[in-house]
Amino acid sequence: MQFLSSHLHIKNLILDQYKLALESESFTTLTFPPTTPHFALSYYADHTKSILSSFTHIPAQVSLYITHWCDERQIENPMHCSYYMALMLPHPLQRHFHILSLVSSLEITGFPYYYTLIGRTHPNNVAPLIKIANLLCTRFIRDAPLQWLANAVPVFSDAPITEVRLSGDVVPASPMEQWMTLLDAFPRLEHVAVEKVATHGDDTRTGLLEALL
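Please read all numbers here as calculations on a predicted model, not as lab measurements.

Conventions adopted
- Residues numbered from 1 in each chain as written.
- Predicted model: local features only at pLDDT ≥ 70, side-chain atom pairs only at ≥ 80, totals over all residues.
- Heavy atoms only, no water.
- Patch = residues over 30% accessible without salt bridge, like charges linked within 9 Å, V, L, I, M, F, W, Y side chains within 5 Å.
- Areas by Shrake-Rupley, 256 points an atom, 1.4 Å probe, with all protein chains shown as cover.
- Salt bridge = Lys/Arg side-chain N within 4 Å of Asp/Glu carboxyl O.
- Helix = DSSP H or I, 4+ residues; strand = E, 2+ residues; numbered from the N terminus.
- Buried < 20%, exposed > 50% of the residue type's maximum accessible area, 1.4 Å probe, protein only.
- 1 Å grid on protein atoms, 1.4 Å probe; cavity = no way out; pocket = protein on both sides within 12 Å on 5 of 7 lines; lining within 4 Å.
- Points joined across faces, edges and corners; volume = space filled by probe spheres on them.
- Phe/Tyr/Trp six-rings, centres within 6.5 Å; stacked < 30°, edge-to-face > 60°.
- Axes fitted to C-alpha atoms, helices over the stretch in contact; angles between N-to-C directions.
- Parallel < 35°, antiparallel > 145°, perpendicular 65-115°, else oblique.
- Left-handed = near helix turned anticlockwise from the far one by under 90°.
- Contact = heavy atoms within 4.5 Å.
- Nonpolar A, V, L, I, M, F, W, Y, C, P; charged D, E, K, R; others polar.

Visitor: Would you take a moment to explain a nonpolar patch on the surface for this structure?
Guide: Together, Tyr113, Tyr114 and Leu135 make up an exposed nonpolar region whose accessible area comes to about 300 Å². Secondary-structure assignment places Tyr113 in the loop between β4 (105-110) and β5 (114-120). What makes Tyr113 exposed here is its relative accessible area of 53%.

Take a look at the structure:
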C-alpha cells in the first residue's frame, strides 16, 4: 500500500482473498492510494473487516465494492456465514467510510444466493457509490432474507438517506416491525419503492403499508 500510494494513476484497486492485514504484525495502519477512484474487496467476513480497519480512512470520492463470502468450512460460525452486513465492516463506520456522509439513496436487492446493499451519492447513478454484496450459503438462503431490511440499518443509519428501494427475485414478506425499524432509522426519508419483486409467501408491501399507517 505504501508503494501504491506513491503512484497517482491507478484507477482500480482490487484485493481478492487478501489476508496480509490480518496476519501481519509489521504495521497497524495503511494509507489508501490518494487518486484511486475504485476499490474492490472480496473475502470472508473477518478478513474484510480486518483489511478495512487497517486503512486510516478511505476518501469519500472512492467507490467501494465489498463482497462477503460464506465459508463452508466454518458454517457454524456466524462471523463467517452470517448474512449480517455489519459483521464484515469496521467500526465506527463513519471514520473509515467517509462516503457514508454523502449517501442519500439506498437500494436493497435480493436474489436466491446473494443480496446487496447499494448506497448512492447521486440520484443519476453517478459515482461514487458503496456496494456491499453477501454471498449466502445454501442452508441460510431460506432464512437470510427475513432480516434484509433490518440489516441495512446499522450500515447506513448515519447516512442522510432520502430514498429506499427494495427489489429482487427473492424478497419474502418483511413484517411491520422491520419496516418500522427502517423508517425510524432514516428520519429524512422521502421516497420508498418496492419494485420488481417476486414475492415469497406474503407480499412484503403489506408490512410497509401497516408501518406507514
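Read on for the rest.
Visitor: Looking at this structure, I do not really get unusual backbone geometry. What am I missing?
Guide: Where the residue is not glycine, phi is negative for most of them; where a peptide bond is considered, it is trans in most cases. Residue Pro92 is bonded to the preceding His91 through a cis peptide linkage, with omega at -5 degrees. Examined against the element boundaries, Pro92 turns out to sit in the loop between α4 (78-81) and α5 (93-96). Here the amide bond leading from Ala127 into Pro128 is cis, since omega sits at 10 degrees, within 30 degrees of zero.

Visitor: In this structure, what is going on with the layout of surface pockets? I would like to understand it.
Guide: Regions of empty space are outlined by a rolling probe, equal in size to a water molecule, passed over the atoms. In this structure, the largest pocket encloses a volume near 180 Å³. Contributing to the lining of the largest pocket are Ser104, Ser105, Leu106, Glu107, Arg120, His122, Pro123, Asn125, Thr162, Glu163 and Arg165. Those elements that place two or more of their residues in the lining of the largest pocket are β4 and β7 (163-172). At three residues, the largest contribution of residues to the lining of the largest pocket is made by β4.

Visitor: Explain the environment of Thr31 here, please?
Guide: Relative to the helices and strands, Thr31 is located in the loop between α2 (20-23) and β2 (38-44). Considering only alpha carbons, one finds Thr31 and Met1, 30 residues apart in sequence, at a separation of 6.5 Å.

Visitor: Looking at this structure, I do not really get the packing of aromatic side chains. What am I missing?
Guide: Two aromatic rings are characterised by how far apart their centres lie and by the angle between their planes. Enumeration according to the criterion identifies three aromatic pairs in this entry. With 5.3 Å between their ring centres and 70 degrees between their planes, Phe32 and Phe39 make a pair best called edge-to-face. Assigned by exposure class, Phe32 and Phe39 land together as buried. Plain terms: the ring middles of Phe39 and Phe55 are 5.6 Å apart, the flat faces sit at 80 degrees to each other, and that makes the pair edge-to-face. Remark: Phe55 occurs in the loop between α3 (45-54) and β3 (63-69) and Phe39 occurs in strand β2; sequence separation between them is 16 residues. For the pair formed by Phe39 and Phe55, the shared burial category is buried. Among the aromatic residues, those joined into a ring-pair cluster are Phe32, Phe39 and Phe55.

Visitor: Help me understand the pattern of salt bridges in this model?
Guide: Pairing is possible between side chains that carry opposite charge, provided their charged atoms lie close to one another. Enumeration over the complete set of coordinates arrives at two salt bridges. Residues Glu107 and Arg120 are paired through a salt bridge, measuring 3.6 Å at the closest nitrogen-oxygen approach. Placement of Glu107 in strand β4 and of Arg120 in strand β5 is noted, with a sequence separation of 13 residues between them. The class for Glu107 is partly exposed, based on a relative accessible area of 22%. For Arg165, the salt bridge is made with Glu163, and the minimal N-O distance between the two is 3.2 Å. Exposure remark for Arg165: the relative accessible area of 25% places this residue in the partly exposed category.

Visitor: Honestly, the packing of helix α7 (residues 176-185) against helix α8 (residues 204-212) in this entry has me stumped. Any pointers?
Guide: Helix packing geometry: the angle between the two helix axes and the distance between the axes. Here α7 crosses α8 at 60 degrees, and the two axes come no closer than 8 Å. What the angle tells us is that α7 and α8 run oblique. The chirality of how α7 crosses α8 is right-handed. Across the interface between the two elements, Met176, Trp179, Met180 and Leu183 from α7 touch Thr204, Gly207, Leu208, Glu210, Ala211 and Leu212 from α8. Classifying every residue of the contact of α7 with α8 by side-chain character gives seven nonpolar, two polar and one charged.

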